[in-house]
Amino acid sequence: MARRISAETAEPAAPPPFPTREQILAFVAEATEPVGKREIAKAFGIKGAAKIDLKRILKEIEEDGAVDRGRGGLATAGRLPPVVLTDIRSRDRHGDFLAIPVEWTGTGKPPSIVLTQPRGPRKGNRPAAGIGDRALVRVERDAEGGYTGRVIKVIGKNKAEIIGVYRAGAQGGRIVPVEKRSQGREILIPPGEEGQARDGDLVSVSLERETRFGLPRGRVRERLGSLGSEKAVSLIALHLHNIPHVFSDATLAEADQAEPASLAGREDWRDRPLLTVDPPDAKDHDDAVMAEHDPDLANPGGFILTVAIADVAAYVRPGSSLDREALERGNSVYFPDRVVPMLPERISNDLCSLREGEDRPAIAVRMVITADGEKRRHTFHRVMMRSRAKLAYAQAQAAIDGQPDAATGPLLEPALRPLWTAYAALREARDRRGPLALDLPERKVLLSPEGAVDRVIVPERLDAHRLIEEFMIQANVAAAETLEAAKQALIYRVHDEPAQEKMQALGEVLASVGIKLPKEGALRPALFNRILGSVAGSEHATFINEVVLRSQAQAVYAAENLGHFGLNLRRYAHFTSPIRRYADLIVHRALITACRLGSDGLPAAVSLGELTQIGEQISAAERRAMAAERETIDRLIAHHLVDRIGATFAGQIAGVTRSGLFIKLDETGADGFVPISQLGADYFRHEEARHALVGERSGETFRLGDRVEVRLVEAAPVAGALRFELLSEGKTRAGSGKESGGRKSGGRPFKAAPSGRPPGIRNSGTRHRGSRR
């Protein structure tokens, strides 16, 4: 009873003091998830009429922009909620994925989220996140005020994000997509949604909504750069394929601090007549060669070949910032208007480049060759060398052909002549080995000083090119053999034999031109070489070379050896270009370890699984580079042809689909599309086995490899797409009464697509070599 009376007579507790604005903001900032008025009132003990004052203060704070209101309540302005929908855009210098929020209401650019990898194996069949994915991420602030995150769920590919060129208008603007499949589908950018974009800028756009009628609407998310000149056309491919092209400050600092390698621990080869032979515009030189007669009487007429390769491993150490970024890039990327190097210029063009007359560290292989080109033995050495000369291919060839200049004259007998004599022996051995002998000349785009296409050429294939290529192949084989013998893990360059389904498709194509493909026996490059030899010089030669190429598997990097089918070699590893290929750097480190050439070799902790993962990563980077290089050339040529609408061109059918024909032009090698709706009034049936479109009524046939004449009717420089009108008649079956020849009216009339609008440009179907040896 006393206790009850005491409680009744006690003074009522004073209400807690009303929180200040700063206290409320601090509470919202410290909350692990968005909070509402109820949570704030409970935390500060606000009751009754005082809640009206709290509501007023919260409204003022929100109007001032100090907090953002989302579905879950209030959060500090400019901060991400605990769980956020993101797009995974790239990797950082450590190789971790970087994501950005799909929705961002703060000022400035949206923050990047570093995605941490979960420990242990993935559970179930849940797919791993990757670049281009849209994912739900749980985020946390790190000690430096940034964000880290963990993927909760992969939603799918980010189909709502588009890369395009911004075109300003009186009211907002429009986006012209850069991808061919999106051509003719512009995006409307309402006023206020253009961000920092200016007319002609390359931008990233998110689709806000699509309507049944009218253009889809979008919002500019990021300005990627200006496309004010054709010199910047490769910028499109860089961003479209997420190719890293700006080195981090840490990587540049490491490169700048690197000191030239010393002679310590190296053999002194500075008096040997090693020289470089490269394209005339080469900026880095990573291989030098020499040949001499073998004085050993047991090897009559034999040679000693030496291939010295820039010692990149001396500067790029495992785990360094240089190493991490080189792995992320995988390889250098070569565009007509720029080079995106794997390593900073301080390393690639200076310390590692085998410059004429300058001391440079190298890893060299010395190979003893018999008179008939067979290798007897080889050894690897870590050396200091000094290039005797920097020669261009044509310059070296001219000296051998009897036109030496001031640079090659003194080198002709002591250096160049032995190289060519040794190459003659290697060529005999190569012919006996019988590698795949495709004859597909590669075109080169030459630009004017302003960055526009000047002309497209097919560089002459010289013996000087073949000599260097064969020397490099021999050095690569020696590297693989040495590492296998030492049981040292490495990354091979592998090229598997063609798949059975591709061989079946090849047999059907060959049958259409009267060539029979043997159905039994082991696959060998010699089989394909007999086929190619049977059509050499005929009208089908280019066509058959193309289809044989398409039948081949793609060469990749792998930690397990599958051999190299195209070169007809049992073991092969890339060793000769560590300045521009990460695979070669791995092989260099492996050789340093296996041959005890120093302490900076491949770490013992590197497992086969890690090398397998590296092989997959750099193979993907190579495919990415090839696609970017190809698409950039397409865009440059489309720029080049945009003023030639209406011009006629000779070409060849390079692809046949149920949608139409892809045509490759003789003049530039450019590819364009002829929609099936433009082939005439007949109904054309796609016969996949024959790679042909055949008219139901007339029998008129357009087949892969046919020579045709076309008229250019549309060019889209941003997408690199061309559309043609076919001027040539197709071939007809006997007895149809239809004659072959040019179209009388100079081409069939332009017809609208079924929708009533002119058909847009389709994918140009550009073909490119799938295997870089």
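Located above this text is the structure these notes cover.
Residues numbered from 1 in each chain as written. Predicted model: local features only at pLDDT ≥ 70, side-chain atom pairs only at ≥ 80, totals over all residues. Heavy atoms only, no water.

Caption draft 1: Representation of the overall build of the protein in the model. Scanning the protein from terminus to terminus reveals 16 helices and 33 strands. By residue count, 49% of the 773 residues in the protein fall in the buried class. The contacts in the protein between residues at least 6 apart in sequence include a share of 66% that link residues at least 24 apart. Carbon and sulfur atoms form 50% of the exposed surface of the protein, whose accessible area is close to 37,800 Å². (Helix = DSSP H or I, 4+ residues; strand = E, 2+ residues; numbered from the N terminus. Buried < 20%, exposed > 50% of the residue type's maximum accessible area, 1.4 Å probe, protein only. Contact = heavy atoms within 4.5 Å. Areas by Shrake-Rupley, 256 points an atom, 1.4 Å probe, with all protein chains shown as cover.)

Caption draft 2: Representation of the sheet that holds strand E19 (residues 359-369) within the structure. The strand order across the open sheet built from 5 strands is E13-E20-E19-E16-E15, with neighbouring strands paired in mixed fashion. Because the sheet does not close on itself, it has two edges, and the strands there are strand E13 (267-269) and strand E15 (287-293). The sheet shows a mean angle of 35° between the axes of neighbouring strands, taken without regard to direction. The sheet contact formed by E13 and strand E20 (residues 375-386) spans 3 bridges and is parallel. Bridge pairing in E20 links Asp 268 to Met 384. (Pairing = 2+ DSSP bridges. Axes fitted to C-alpha atoms, helices over the stretch in contact; angles between N-to-C directions.)

Caption draft 3: Representation of the sheet that holds strand E31 (residues 701-703) within the structure. In space, the 3 strands of this open sheet follow the order E29-E30-E31, with antiparallel pairing throughout. Every interior strand has two partners, whereas the edge strands, strand E29 (684-687) and E31, have only one. Strand-to-strand twist across the sheet, computed as the mean angle between neighbouring axes with direction ignored, equals 15°. Inspection of the sheet shows E29 paired to strand E30 (residues 692-695) by 4 bridges, in the antiparallel sense. What sits directly across from Arg 685, in E30, is Val 694.

Caption draft 4: Quick peek at helix H10 (residues 412-433). With 22 residues, H10 should cover 32 Å at 1.5 Å per step; its first-to-last C-alpha distance of 30 Å lies within 8% of that length. Immediately beyond the C-terminal end of H10, within one or two residues, lies Gly 434, with a positive phi of roughly 70°. (Expected span 1.5 Å × (residues − 1).)

Caption draft 5: Representation of the packing of aromatic side chains within the structure. Under the defined criterion, the tally for this structure stands at 4 aromatic pairs. Ring geometry for Phe 528 versus Phe 565: centroids 6.1 Å apart, planes at 85°, classification edge-to-face. On the criterion of sequence distance, the pair formed by Phe 528 in helix H13 (residues 525-535) and Phe 565 in the loop between strand E25 (556-558) and helix H15 (582-594) is long-range, its members being 37 residues apart. For the residue pair Phe 528 and Phe 565, the accessibility class agrees, reading buried in each case. If you follow Arg 329 out to its NZ or CZ, it ends over the ring of Phe 247, 3.6 Å from the centre. (Phe/Tyr/Trp six-rings, centres within 6.5 Å; stacked < 30°, edge-to-face > 60°. Lys NZ or Arg CZ within 6 Å of the ring centre and 35° of its normal.)

Caption draft 6: Representation of the packing of helix H12 (residues 500-511) against helix H14 (residues 541-551). Two elements in contact, H12 and H14, have axes separated by 9 Å at closest approach and are oriented at 165°. On the basis of the axis angle, H12 is roughly antiparallel to H14. As for the relative orientation of H12 and H14, their crossing is right-handed in sense. Seen from H12, the contacting residues are Lys 502, Leu 506, Val 509 and Leu 510; seen from H14, they are Phe 543, Ile 544, Val 547, Val 548, Arg 550 and Ser 551. By residue class, the composition of the contact of H12 with H14 is 7 nonpolar, 1 polar and 2 charged. (Parallel < 35°, antiparallel > 145°, perpendicular 65-115°, else oblique. Left-handed = near helix turned anticlockwise from the far one by under 90°. Nonpolar A, V, L, I, M, F, W, Y, C, P; charged D, E, K, R; others polar.)

Caption draft 7: Quick look at the side chain of Gln 397. Along the chain, the position of Gln 397 falls in helix H9 (residues 393-400). Since its relative accessible area comes to 8%, Gln 397 is described here as buried. Within the structure, Gln 397 has its side chain in polar contact with the backbone nitrogen of Ala 464 (distance 2.9 Å). When neighbours within four sequence positions are excluded, Gln 397 is seen to be in contact with Trp 420, Leu 462, Asp 463 and Ala 464. (Polar contact = N/O pair within 3.5 Å; in protein donor to acceptor, adjacent residues only side chain to side chain.)

Caption draft 8: Broad picture of helix H7 (residues 321-329). With 8 of its 9 residues buried, H7 lies for the most part within the structure. Taken as a whole, H7 has its buried residues at Ser 321, Leu 322, Asp 323, Glu 325, Ala 326, Leu 327, Glu 328 and Arg 329.

Caption draft 9: Local environment of the environment of Val 606. On the secondary structure map, Val 606 appears in the loop between H15 and helix H16 (608-641). For Val 606, a relative accessible area of 24% corresponds to the partly exposed category. Distance in space between the C-alpha atoms of Val 606 and Ala 489 is 8.7 Å, their sequence separation being 117 residues.

Caption draft 10: Inspection of the side chain of Asp 682 at higher detail. Along the chain, Asp 682 turns up in the loop between strand E28 (671-675) and E29. Polar side-chain contacts of Asp 682 include one of 3.1 Å to the backbone nitrogen of Arg 697. Sequence-distant contacts of Asp 682, that is, excluding residues within four places in its chain, are made with Gly 695, Glu 696, Arg 697, Ser 698 and Gly 699.

Caption draft 11: Representation of the environment of Val 176 within the structure. Mapped onto the elements of the fold, Val 176 is located in strand E9 (residues 173-177). Sequence-wise, Val 176 and Tyr 166 are 10 residues apart; in three dimensions their C-alpha atoms are separated by 6.6 Å.

Caption draft 12: Structural view of the nonpolar core. Core analysis: the biggest nonpolar cluster contains 89 residues, and Leu 275, Ile 347, Leu 416, Phe 471 and Phe 575 have the highest contact counts within it. Residue contributions to this core peak at 10 residues, all from helix H11 (residues 463-485). If we ignore the near neighbours within four places in the chain, the residues touching Phe 575 are Ile 309, Ile 363, Val 365, Phe 380, Ala 475, Asn 476, Ala 479, Asp 584, Val 587, His 588 and Leu 591. Membership of the second largest hydrophobic core comes to 47 residues, among which are Val 513, Val 547, Val 708 and Leu 722. (Core = buried A, V, L, I, M, F, W, Y, C linked by side-chain atoms within 4.5 Å.)

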